[in-house]
Amino acid sequence: MEEEETELRNPFPSPPSHYTNYTTHNLKLLELLRERARNENLEPGVLNQHEILSDQADVPAWPLTQLEKPRVDWILEEGHYTVFGDMWFVKETIPSLAELGGHQLHPADPNRRPALLSILRSLLVTYSNLTGAILAPPPPPYSTVPPEWHRHVEWITVLAQNLMAAANDLRPVQARGHLESMMQRQLELRREETQAIHAKCDTLEARLSELRAAGLELASPRNAGSDVGEQRRVGSMSVFFHSHLHLISLKSTQPVVTIEDALRWAEEVT
């Protein structure tokens, strides 16, 4: 029995030793036992499987009712079940200090603020008394009376246990409040991001409207005619400058006639 309990508490336990009992033959015997007990209106606690199954072979010595599935209604009624040697509650609840075997001072009322304040005051007063008891002279060597500071230390331990138990009971409330603040912050961040996106979209739409208006103004007929006149004016000025540059280039290529050249030409003619 001790070996089985040790095995159940192993982090990686082996299958229970009675798993070999779940054979096809034993399950058929269990079904036949149920049917015959139902026909004879027998109570499950007074069944004699050897008498009822006397015409069957290989009836085990251990009760076949061990092969029954766990009764869920019994588990719900008891409120807990056992798995691998550990007890698990059907509804997860935080056990109170009294259920754990401690000395609970605060009531089960959800509003524990007055009780916690009283416990805190008692803790401060007891700590002050403990300081005075430590400074007191020691008891005689053969005294059987426990020292006064020992009683104060025990009472401080009880008060501290009550404070910690009450704080642990408020953990769900704290977690709920923290979750609400986180969700509120996420909502605010999403709203800020949405407003920034809308502002950027408005800026882009205004810029696109300006570009669209500028394009329509350039594509209008009035601007088209003025553009044609401007192009003609620029073209005529370009032709004038090109012809002027051509004349300058022709003049620059002709030889320059000096006075000496003219007198020499006159002498040759005469």
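Everything discussed here concerns the structure shown above.
Residues numbered from 1 in each chain as written. Predicted model: local features only at pLDDT ≥ 70, side-chain atom pairs only at ≥ 80, totals over all residues. Heavy atoms only, no water.

The next subject is the side chain of H152. Structurally, the position occupied by H152 is in helix α6 (residues 148-169). For H152, the residues in contact, after removing those within four places along its chain, are T126, N129, L130 and A133. (Helix = DSSP H or I, 4+ residues; strand = E, 2+ residues; numbered from the N terminus. Contact = heavy atoms within 4.5 Å.)

The next point concerns the pattern of salt bridges. The full count for this structure, using the stated rule, is seven salt bridges. E148 serves as the salt-bridge partner of R151, at 3.6 Å between the closest nitrogen and oxygen. Residue R151 and its partner E148 are located together in helix α6, separated by three residues, close to a single helical turn. Judged by relative accessible area, which is 44%, E148 ranks as partly exposed. Measuring nitrogen to oxygen at the nearest pair gives 3.3 Å for the salt bridge that ties E210 to R207. Pair noted here: E210 and R207 are both in helix α7 (residues 171-218), with a separation of three residues, about one helical turn. With a relative accessible area of 49%, R207 lands in the partly exposed category. Here the salt bridges share partners, and the residues they tie into one network are E31, R34 and E68. (Salt bridge = Lys/Arg side-chain N within 4 Å of Asp/Glu carboxyl O. Buried < 20%, exposed > 50% of the residue type's maximum accessible area, 1.4 Å probe, protein only.)

Attention shifts here to the nonpolar core. Counting seven residues, the largest nonpolar core consists of L29, L30, L33, I52, L53, L64 and L67. With three residues, the top contributor of residues to this core is helix α2 (residues 24-39). If we ignore the near neighbours within four places in the chain, the residues touching L33 are L47, Q49, I52, L53 and L64. By size, the runner-up hydrophobic cluster in this structure holds five residues, among which are I119, L123, L130 and L159. (Core = buried A, V, L, I, M, F, W, Y, C linked by side-chain atoms within 4.5 Å.)

Read these as spatial facts, not as claims about activity.
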